[in-house]
Amino acid sequence: MSRPSSGKEIVVGIDPRDPSVPTLAWAADEADRVHLPLRLVLAVPPLHDTQHVDSAPHRMSLQAQGREALLAATGTVLRLTPHAHVATELVDGAPAAVLCRYAAAPTTHVVVIGSRRLSRPEEIFSTASVAVPLSAQAECPAVVVRAPEHTAPGPARLVVGVDGSESSQQALGFAFEEAGLRQASVHAVWVWQRPLLGLGRAEAGADERARILSESVARWPGRYPDVKLTQEVRQGHPVEELARASSAALAVVVGRRGRGGYTGMRLGSVVHGLLHRGECPVITVPGSAVRELWPGCPGGSG
């Protein structure tokens, strides 16, 4: 795989009510790793009562607050990474829609946002929801920094969920690329729910999944010989087990759609759950984005 081409940038969604330092730190570190500039984007949502006599001054106040938040975020980035190249943009529109437009641009490497820690119903139905619609629609990897990367002593690793789907293959490709940049390892996890059958059959099922997991990851170590790979089959609910696996990880990487998910939604149920349960940044990878960035991935043009 090749590095992203020049002309790319990392887009960071800025929330004026919660300018998350962990989010800015993740984006600044990634920009430094891949040698790309940062674009900090703050969306000013439309007013619901456009006929109100005070709507114009109120909008001007929101825009002023937005400019202040962008200035503060820029200062934070430059304190963390003094040599970073930072651009800012104040945009009118709903935050989710604005960031999805940036995520569709061919110049965007990844989009990074913080988590507002909304409840699951709020994430689905609230106009304040950004993480779910962005992760579901982004045409590039979407990073949701719900919690900071773990920096505990011991080897650094990225956890990647694998289920045999093409989507999880793209997640593996992104995880190996990131691990190579970070001098970290990749921990591939396959989670299955134990059937209500006899013990012998359950053990046979686990063995079969371990075999399929090994086959699923087999192509990557040869492409990244310096990245250590570990594999694990877990029994239980995929969201719960991947969340536990993420408790000591730099990030958990998942494909947007696996073998499960909701019909009619572009976001798998496991990804949706991890956005609420993950104990480190959650990176959702759509297959098309990985094929564009790294043509050597399975299904790509290279």
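Details of the structure are given in the entry above.
Rules of the game
Residues numbered from 1 in each chain as written. Predicted model: local features only at pLDDT ≥ 70, side-chain atom pairs only at ≥ 80, totals over all residues. Heavy atoms only, no water. Helix = DSSP H or I, 4+ residues; strand = E, 2+ residues; numbered from the N terminus. Buried < 20%, exposed > 50% of the residue type's maximum accessible area, 1.4 Å probe, protein only. Polar contact = N/O pair within 3.5 Å; in protein donor to acceptor, adjacent residues only side chain to side chain. Contact = heavy atoms within 4.5 Å. Phe/Tyr/Trp six-rings, centres within 6.5 Å; stacked < 30°, edge-to-face > 60°. Lys NZ or Arg CZ within 6 Å of the ring centre and 35° of its normal. Pairing = 2+ DSSP bridges. Axes fitted to C-alpha atoms, helices over the stretch in contact; angles between N-to-C directions. Core = buried A, V, L, I, M, F, W, Y, C linked by side-chain atoms within 4.5 Å. Expected span 1.5 Å × (residues − 1). Parallel < 35°, antiparallel > 145°, perpendicular 65-115°, else oblique. Left-handed = near helix turned anticlockwise from the far one by under 90°. Nonpolar A, V, L, I, M, F, W, Y, C, P; charged D, E, K, R; others polar.

1. Section: the side chain of His187
By the element assignment, His187 lies in strand S7 (residues 185-192). Given a relative accessible area of 6%, His187 falls into the buried group. Engagement of the side chain of His187 in a polar contact is seen with the side chain of Thr230, the distance being 2.6 Å. Within the structure, the side chain of His187 is placed 2.7 Å from the side chain of Glu232, a separation counted as a polar contact. Those residues in contact with His187 that sit more than four places away from it in its chain are Arg157, Leu158, Val159, Val160, Thr230, Gln231 and Glu232.

2. Here's the deal with the packing of aromatic side chains
Following the criterion strictly, the structure yields two aromatic pairs and no others. For the pair Phe176 and Trp220, a centre-to-centre distance of 6.2 Å together with 20° between the ring planes defines the contact as stacked. Of this pair, Phe176 sits in helix H6 (residues 166-182) while Trp220 is found in helix H8 (residues 219-223), placing the two residues 44 residues apart along the sequence. Overall, Trp220 belongs to the buried group, its relative accessible area being 0%. When the centroid spacing of 5.8 Å and the interplanar angle of 35° are considered together, the rings of Phe176 and Tyr224 count as tilted. Linking Phe176 in helix H6 with Tyr224 in the loop between H8 and strand S8 (229-235), this pair joins segments that are 48 residues apart in sequence. By relative accessible area, Tyr224 is classed as buried at 11%. Clustering of aromatic rings is evident, with ring pairs tying together Phe176, Trp220 and Tyr224. Looking at Arg33, its charged tip hangs above the ring of Trp26, at a distance of 5.9 Å from the centre. Seen from the ring of Trp220, Arg223 lies directly overhead, with NZ or CZ sitting 5.1 Å from the centre.

3. Things to note about the sheet that holds strand S1 (residues 9-13)
Spatially, the 10 strands line up as an open sheet ordered S3-S2-S1-S4-S5-S10-S9-S6-S7-S8, and their pairing is mixed. With partners counted over all chains shown, the strands left at the sheet margins are strand S3 (86-92) and S8, one partner each. Strand after strand, the sheet turns through a mean of 25° between neighbouring axes, direction not considered. As paired elements, S1 and strand S2 (residues 38-44) share four bridges and run parallel to each other. Of the residues in S2, the one forming a bridge with Val12 is Leu40.

4. Comments concerning the nonpolar core
Of all hydrophobic cores here, the largest spans 48 residues; its most connected members are Ile10, Ile14, Val160 and Val253. If we ignore the near neighbours within four places in the chain, the residues touching Val253 are Leu158, Val159, Val160, Gly161, Ala171, Phe174, Ala175, Ile283 and Val285. The next biggest cluster of nonpolar side chains, apart from the first, holds 33 residues, and it includes Val98, Val254, Val271 and Leu275.

5. Remarks on H6
With 17 residues, H6 ought to run about 24 Å at 1.5 Å a step, and its terminal C-alpha atoms sit 25 Å apart, in line with that. Summarising burial for H6: 14 of the 17 residues are buried, a large majority. Gln183 occupies a position one or two residues after H6 and carries a positive phi of about 55°.

6. Observations regarding unusual backbone geometry
Even without being glycine, His35 reaches a positive phi, approximately 60°. With respect to the secondary-structure elements, His35 resides in the loop between helix H1 (21-34) and S2. Overall, His35 belongs to the exposed group, its relative accessible area being 63%. Despite not being glycine, Gln183 has its phi angle at roughly 55°, a positive value. With respect to the helices and strands, the residue Gln183 is situated in the loop between H6 and S7. On the accessibility criterion, Gln183 (76% relative accessible area) is exposed.

7. Thoughts on the pairing of strand S5 (residues 142-145)
Neither face of S5 is left uncovered, since the one carrying Ala142 and Val144 and the one carrying Val143 and Val145 both have all their residues buried. Sheet topology places strand S4 (residues 108-114) next to S5; four bridges connect them, and they run parallel. Bridging from a neighbouring strand, Val111 pairs with Ala142 of S5. The pairing of S5 with strand S10 (residues 282-285) spans three bridges and is classified as antiparallel. Across the sheet, residue Val143 finds its bridge partner in S10, namely Ile283.

8. A short note on the packing of helix H9 (residues 238-245) against helix H10 (residues 269-277)
When two helices pack together, their arrangement is given by the angle between the helix axes and the distance between those axes. The interhelical angle for the contact between H9 and H10, taken along N-to-C directions, is 45°, at an axis separation of 9 Å. Judged by the angle between their axes, H9 and H10 are oblique. For the pair H9 and H10, the crossing hand works out as right-handed. Judged by residue contacts, Pro238, Val239, Glu240, Leu242 and Ala243 of H9 engage Ser269, Val270, Gly273, Leu274 and Arg277 from H10. Considered class by class, the residues forming the contact of H9 with H10 number six nonpolar, two polar and two charged.

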